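One letter stands for each residue in the lines below.
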Amino acid sequence: FWVFGGGLTLGPVLVLLFGANRPMAGLSARFAAFVESWARLVRQRRLMVSVAALLALRSAASFLGFGVLFAALAGTINGFLVGGVLDALSMILRVVTITPGNLGVYEWSVAGLGRGAGVSLAIGLACAALYRAAGILGVGMTGIVSVLALGAGRARRASRDEEA
């Protein structure tokens, strides 16, 4: 089984590397272009500071949101801080995607980390599931509002074009 899987993985790589058509030939040029565009982006200090500030704000909001949820469900004295730390640790675990959207992986990692912090697995799972649902709801509502706003803008432009 492992030999078959390895052959399926290694075969296409060998064909790409040693085949007559070498799609990897332009790889160094693409990499050089990437490095140049990255350097151009980094030189825009104002943009980089804005992005860093927004990322810090997002992390703080995540810490606060999960901390409040965890404190409410766990009922412990230091639940807010423990919840915020659990969110930060689970953020590190979310870097590697195992399933689509890390569905189940995120919930069980939060439950395991929560168990290590002294709360039950059920509370950890409930916190993670509610936090994921709130995130999906927030993104979904933002998407719906954006689509409606874009549609209203198109309708106004279309009516102005008809009048002109």
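Look above for the structure.
Attention here is on the structure that accompanies the text. Numbering of residues starts from 1 in every chain and runs along the sequence as written. Local features in a predicted model are, by the rule used here, given only for residues with pLDDT of at least 70; side-chain atom pairs are given and counted only at 80 or more, and totals for whole chains, interfaces and linings are based on all residues. Here the side-chain values reflect all heavy atoms present in the structure, with hydrogen atoms and water set aside.

## Comments concerning the pattern of salt bridges
Next, step 1: Salt bridge, as used here: a side-chain nitrogen of Lys or Arg that lies within 4 Å of a carboxyl oxygen of Asp or Glu. The final tally for this structure, using the stated rule, is three salt bridges.
Next, step 2: Note that Glu-36 and Arg-40 form a salt bridge whose closest N and O atoms lie 3.6 Å from each other. With a gap of four residues between them, Glu-36 and Arg-40 both fall in helix H2 (residues 27-42), about one helical turn apart.
Next, step 3: On the accessibility criterion, Arg-40 (44% relative accessible area) is partly exposed.
Next, step 4: Measuring nitrogen to oxygen at the nearest pair gives 2.5 Å for the salt bridge that ties Glu-107 to Arg-132. With Glu-107 in helix H5 (residues 105-116) and Arg-132 in helix H6 (residues 121-163), this pair connects stretches of sequence that are 25 residues apart.
Next, step 5: Looking at Arg-132, the relative accessible area reads 22%, which means it is partly exposed.
Next, step 6: Put simply, Glu-36, Arg-40 and Arg-43 are held in one network by salt bridges that share partners. For helices the rule is a DSSP run of H or I covering at least 4 residues; for strands it is a run of E covering at least 2, with both sets numbered from the N terminus onward. Throughout, exposure labels follow a simple rule: accessible area from a 1.4 Å probe, protein chains only, divided by the maximum for the residue type, with under 20% read as buried, over 50% as exposed, and the rest as partly exposed.

## Considering a nonpolar patch on the surface
Next, step 1: Residues with no salt bridge and a relative accessible area higher than 30% make up the patches, which join like charges within 9 Å and nonpolar side chains (Val, Leu, Ile, Met, Phe, Trp, Tyr) within 5 Å. Reported accessibility uses the Shrake-Rupley method at a 1.4 Å probe radius. Residues are deemed covered only where the shown protein chains occlude them. Where nonpolar side chains cluster on the molecular surface, the patch consists of Phe-31, Phe-34, Val-35, Trp-38, Leu-41, Val-42, Leu-47, Val-51 and Leu-55 and spans about 820 Å² of accessible area.
Next, step 2: Those elements giving two or more residues to the nonpolar patch turn out to be H2 and helix H3 (45-74).
Next, step 3: Considering every element that reaches the nonpolar patch, the biggest residue donor is H2, with six residues.
Next, step 4: Position of Leu-47 relative to the elements: it lies in helix H3.
Next, step 5: When its relative accessible area of 37% is taken as the criterion, Leu-47 is described as partly exposed.

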